[in-house]
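An overview of the molecular structure
The chain contents come next:
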Amino acid sequence: MAAILPSSYKEGTVSVANGSTAVTGTNTFWGNPNGEGNPILPGDWFGVHKGVAIRIASIEGNGALTLANPWPGPTQVDAAYEVMLQSDNARMAMSTRQLLQQLMNGNIAAFTGLNGEPDTVPYFTGPGDMGLLTRQDLTQGVSYDVQVDTLTDRAAYDLQIPGYAVFVSDVGDGRAAIYSKVTAASGDWSDPAYITGPQGLVWRGTWNNATNYSQDDAVSYNGASYIALVGNTNVAPAVGATWGVLATRGATGLTGVNPRGNYDNATAYAATDAVLYNGSSFVAVAPTTGNPPPTLPATSNTWWQLLAQKGQDGTGTGDVVGPAGATDGAIAAYNGTTGKLIKALTPSQVKTLLAYTALDVSFDNSVANLAGAPGSVQAAINALASNGGKNDALFAIEIADLKGQRMGMVGGVADSFDDTTGIYDGAPASNVYGLDNYAYALLHFDGAAGSRYFQDSGVRPRAWLGAGDAQIGTGQSKFGGASLLLDGAGDYLFTVDNLSEFAFGTGDFTIDFWVRIAVTQTTQNCIFYESRNAANPGNPAIYLNGAQNMVFLTSGINRITSTTALVAGTWYHIAVSRVSGTTRMFVNGVKEGVDYVDGGNYVAPPTAIWIGCDYTGAGNPNGNIEEYRISKIGRYAANFTPAAVPYSVDPAGSFGYTYDAVNDCFSPAVTGVVWGTVNPVGAAPWPSQGYTVVNRDVSLGPGLTIQKIGYYSTVACTGKLKLVQADSTTQYDILYDVAFVHPGNGWLDVTLPVPFTLPSTAPILYMAAFVSAVPGGSTAPAGAAQMAYKIGDQSVGNDNAGFTLAAAGAGVFPLRVSYLQATQNMTLVSAAYPAGAVPSSGRIALQLADSLTLTPGTDFTVEVSRDGGTTWTAVTMSLTLPAFAGVKMYEGQTSLTGQPSGSSMKWRLKTLTNKAIIASGVVLQQL
């Protein structure tokens, strides 16, 4: 069937004044003056919407037309209108009449008056006049007598005879033409016979302010195109003396539909936004917030219009029939052999199905690590189902372990702890808390005045030993009323514990601290971080130079030097941080010096880490240090505000745990530490005979449980190792002693028959040694820097008066202890898991891989959050699986309706009684 053409046109609105023939349109498309593709044409009738009909005389463009007669009606402004189109017959008649009028101009008569001859072509010689060209005329081209370049050059031929022809290459506008002498009179030339058209425009692409443009160059600019009227540079196109417009930018088209996903009552929607709602899709017809689309069968309201309607649900009229009722989540299977009936499988049938399925599936227990080392999927299923197949949480954890990843459950997640990505550590670079699992060392330098116990509060606590008079001072502090006090004469701290943990490699790191120098020191560099030795100078160091500027040094080269000169008596925060291969220095949070592109591979400190000296013992600062932190993370890449409080644990993150990647489990951090003097920079020590030597370089912290006392000797000797408590400057209480026989081969660590726990209060405790016999030995102490001794030392007993306190010497007496730090309480906080909807309650199952007898709520707590960890609700846990392949399963659920509404779920586990609880998996579900 042929298409039915429209009889009228009424797109957009029009404006026309009474008595005027000019009509303008808004959002109309009336075409262009040449009429090609126009929806309306001259001769169509305008005004039928007002009961009049005035013929359209001409179309000037998309929004302009002219009437044949003035508009008789009232003035119209942006009003609706209608143009009545002529019928096809009327259009044909008018076109025929116009064609006949055009043919009646003498051209047809001129053509018919020619006497056609072979090899000729007709051509116009004037209006209504034609002639013939021969083929020879066409093939020989244009004939002329002489060629010149310009009209000025033509003047040389002004006196030629009539008919003399001159070809001018450029008559002044880029065109070429031939001129002929009309008479013999000077300069009597004919009108030009043009051979070429004028020069066209030169398209130069998008306008650029650095390009030199010539006349007739054309460019595009802001959606329009322009032509250069004169040469110019860096003149933005605009209609004027420099540029003329070629084509203006068209009007912006209508905006399409903008998909916004599921409708949300809190989202602000704009017109043309599209949403999904109750299975159908709707488009916004007006801006709205909090006004949902209509509920079918209604298809529109003030704000929304239906786009696509939800299809109808199936009616179940097929030929497969199921039972009248079913258990939610049951597995469906064929009932009988017809293929027309289905039923729910029983647990035993499910096991049979899994058994058949398992026959063709390989299984590798090296990943699953199940009890009994099953060699097939079926054997693994049997191992998992040994509890009757009823513990879905256990199945979920073990299946997640088989997959090696966290697995989605119904409304939740199963995490078998195959990695640590399910655990949230808080904000690692947070400057608010700062004590996280990346802070491998943290020294607050709190304590009593004169104390030489320097507690490490980092996640990898280690022993820090003081040399010289390094001690806790209370005269100056940034936080807490105390700080590390160094007097500039042989005072420093160092550690030799677990140095491999400070192998930064090419990774990120941060060293930051507060410092207050007591006096301006220009005679030496003062060291604040040292990790080198003579054999490995490539590791980093941080020092204060003679100009009081902080310097970061590697491989003997100053890489960064601060611009701030430290002033005595003022606290400064210093930070050196490598982030993604670039090391920066900050003073009071402001980046100073030149960034260092740092590709250094920093190995473990080969001997020790020093604070207050270089690896030779030189470079001792005079002043105070606070909040000294070493982190295996790049904390600062831009200016920051130093923390105004001591670093602490982020309450929103996990802390105090150790992850076992071999057994896929988390447990509280338990650190065995060797703490004592190892004489890293002094001469080799020697034993003494007949004296009790007290090592006052290392004071022991209260509450520590001592397991061993060690003594260094290069000759064989016997004696006793002791723990003593200073009652005064001239008296010690001997709290504990143990006999030793040293073979003379270096360190000898003597295990105490019963571990000794130091008192939690009272004066400072020290290690001591009494050498009773040295084969061929002397009676004078050698190499002991700080000691107290008594002739005829008593073996044991309190209140032994008469000890003499020796002054500091040049060495450090070689004693050390091994102690067991109390197990930390662990907090594990999960990553957030999105719930499908706002959960009203939560269920959690916790797998603990240990043999401890635990009481939920006393030894540990488990909590659930639905608002991303802001609000927590405790879960009452009970032991539901006492023993399965060496693990226990605790489960519980709780209502979450008391929490703010949210669908970001988290779980949190806290240990409370310092027990070595081992967590090996968890399941979290919304209910």
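Here is a short report on the structure shown in this document. (Residues numbered from 1 in each chain as written. Predicted model: local features only at pLDDT ≥ 70, side-chain atom pairs only at ≥ 80, totals over all residues. Heavy atoms only, no water.)

Scanning the model with the defined rule gives 12 salt bridges in all. Linking D595 and R584 is a salt bridge whose minimum nitrogen-to-oxygen distance equals 3.5 Å. Of this pair, D595 sits in strand β44 (residues 590-597) while R584 sits in strand β43 (residues 582-587); the two residues are 11 residues apart in sequence, bridging distant segments of the chain. For the salt bridge of K915 with D859, the shortest nitrogen-to-oxygen distance reads 3.2 Å. (Salt bridge = Lys/Arg side-chain N within 4 Å of Asp/Glu carboxyl O. Helix = DSSP H or I, 4+ residues; strand = E, 2+ residues; numbered from the N terminus.)

Another point: the environment of A80. Position of A80 relative to the elements: it lies in the loop between β7 (76-79) and β8 (83-84). For the pair A80 and E11, spaced 69 residues apart in sequence, the C-alpha separation works out to 8.4 Å.

This next bit is on the environment of V579. Along the chain, V579 turns up in strand β42 (residues 572-579). Relative accessible area serves as the criterion here: at 18%, V579 is assigned to the buried category. Taking the C-alpha atoms as reference, V579 lies 8.0 Å from G507; in sequence the two are 72 residues apart. (Buried < 20%, exposed > 50% of the residue type's maximum accessible area, 1.4 Å probe, protein only.)

On inspection of all chains with the given rule, the structure shows 29 aromatic pairs. Both rings, one in Y263 and one in W304, keep their centres 6.0 Å apart while their planes meet at 90°; by these two values the pair is edge-to-face. One end of the pair, Y263, is in the loop between β21 (258-262) and β22 (268-269); the other, W304, is in strand β26 (residues 304-308), with 41 residues separating them in the sequence. Y263 sits in the buried class, given a relative accessible area of 14%. Looking at W304, the relative accessible area reads 0%, which means it is buried. Put simply, the rings of Y263, Y269, Y277, F282 and W304 touch in pairs and so form one group of aromatic residues. The ring of Y179 has R154 sitting right over it, with the charged end atom 4.6 Å from the ring centre. We note K906 situated over the ring of Y424; from NZ or CZ to the ring centre the distance is 4.2 Å. (Phe/Tyr/Trp six-rings, centres within 6.5 Å; stacked < 30°, edge-to-face > 60°. Lys NZ or Arg CZ within 6 Å of the ring centre and 35° of its normal.)

Attention shifts here to unusual backbone geometry. Across the junction of L296 and P297, the peptide omega takes the value 15°, indicating a cis bond. Locating P297 in the fold gives a position in the loop between β25 (288-289) and β26. A positive phi is found at N222, a non-glycine position, where the angle reads about 55°. The residue N222 is located in the loop between β17 (217-221) and β18 (224-228) in this model. According to the relative accessible area criterion, N222 is exposed, its value standing at 57%. Located in the positive-phi region is F417, a residue other than glycine, with phi close to 60°. Relative to the assigned elements, F417 resides in the loop between β30 (412-415) and β31 (434-435).

Just geometry here; none of it tells us what the structure is for.
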